[in-house]
Amino acid sequence: MQLHAASPIGVFDSGIGGLTVFRALMERLPFEHLIYFGDTARVPYGVKSVEAIAHYATQITEFLLARGVKLLVIACNTIAAVAYQVVDDLSPVPVLDVIEAGARMAVASTRSKRVAVIGTPATVNSNAYARAIHALDPEVRIFSQACPLFVPLVEEGWVDHPVTRMVAQEYLRPVLAEQVDTLVLGCTHYPLLKGLLQDVAGPEVRLIDSAEAVAERTAALLNEMRLLNPSRQAPRYTFYVTDVPLRFRTLGERFLGRALPNVHVVRW
Ligand code: DGL
């Protein structure tokens, strides 16, 4: 299949949390056209079955491929954890994901070879981060913790709230007791908690933002494949969602750091 440098990159997530990845891509690759798909009608995925997530991921992949994307970025850790292979098998274009990118950055960061990974229950139960990290360095010890309350707390806007701090202290206590030096933020929502998590983890622990990691990987791959858009004009950003919930604008702006233009609703 012939890929074109001027084609858009397709980015997708279970909802609007993946806008943290979209934002990292906008900053790292300011001339690339980007199409975002957020399954806002069916979010959250993190507590759903592998079968359901794989089915949703198939629909989204087909939707984005039909829009002529040159590359797919799985922004959702949960989809990447349980359905990466489904997406990759379907896709004639390269597929990057937050887990592989975050794992690479974690391995490069750790000195003690003791790494903590936090994410949704689906991501943590899948062991996908552990597998990705071990494929790069089998000596790294991984301590995982599911943090299901973080997604609703971030969506409530409680990113610097005493309740969130208490919850974070509770969740992180067991992994911090393992003397980790690196903490992987294995969920789209967690980059918004970076300040609070850094406080709780302490200055010796390095936080890995998988959104930044995948933006870096995307830039490297496009460069390698000679697929960087040569145009220096303002790129097109298009957003597709499956529902427009009540607080969509406020939430979207919080994740993206700016207003959300060109939002289209897809009814399935
Ligand atoms: N996007 C999901 C993730 O990164 C979090 C929200 C959800 O559970 O769907 O794991």
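Before reading on, note that the structure itself is shown above.
These remarks concern the structure in this document. What you are looking at is a predicted structure, and each value in this text was computed from that prediction instead of being measured.

Cut-offs applied
- Residues numbered from 1 in each chain as written.
- Predicted model: local features only at pLDDT ≥ 70, side-chain atom pairs only at ≥ 80, totals over all residues.
- Heavy atoms only, no water.
- Helix = DSSP H or I, 4+ residues; strand = E, 2+ residues; numbered from the N terminus.
- Buried < 20%, exposed > 50% of the residue type's maximum accessible area, 1.4 Å probe, protein only.
- Contact = heavy atoms within 4.5 Å.
- Areas by Shrake-Rupley, 256 points an atom, 1.4 Å probe, with all protein chains shown as cover.
- Lys, Arg positive; Asp, Glu negative; His and termini not counted.
- Charge placed at Lys NZ, Arg CZ, Asp CG, Glu CD.
- Expected span 1.5 Å × (residues − 1).
- Polar contact = N/O pair within 3.5 Å; in protein donor to acceptor, adjacent residues only side chain to side chain.
- Pairing = 2+ DSSP bridges.
- Axes fitted to C-alpha atoms, helices over the stretch in contact; angles between N-to-C directions.

With that settled, the discussion passes to the overall build of the chain. What the chain contains, in helices and strands, is 11 helices and 10 strands. C-alpha extents for the chain along the principal axes are approximately 50 × 40 × 35 Å. Burial status across the chain gives 56% buried among its 268 residues. Long-range pairs, those at least 24 residues apart, make up 77% of the contacts in the chain between residues at least 6 apart in sequence. Summed over its atoms, the accessible surface of the chain is roughly 11700 Å², and 52% of this surface lies on carbon and sulfur atoms. Separation between the mean location of the 25 positive side-chain charges and that of the 26 negative ones in the chain comes to 4 Å.

With that settled, the discussion passes to helix α4 (residues 98-109). A rise of 1.5 Å per residue sets the reference length of α4, with its 12 residues, at 16 Å; its end C-alpha atoms lie 16 Å apart and thus fit the reference within 8%. Of the residues making up α4, those classed as buried are Val-98, Ile-99, Ala-101, Gly-102, Ala-103, Ala-106 and Ser-109. Taking the backbone nitrogen of Ile-99 as reference, a side-chain oxygen 2.9 Å away marks Asp-97 as the first, capping residue of α4.

Across the sheet, six strands lie side by side as β4-β3-β1-β2-β9-β10; this open sheet has parallel pairing. In this open sheet, the two edge strands, each paired with only one partner strand, are β4 (95-97) and β10 (263-265). This sheet shows a mean twist of 20° between the axes of neighbouring strands, independent of strand direction. Strand direction decides the pairing type here: strand β1 (residues 9-13) and strand β2 (residues 34-38), joined by five bridges, are parallel. The residue of β2 that forms the bridge with Asp-13 is Gly-38.

Keep in mind these values describe shape, not function.
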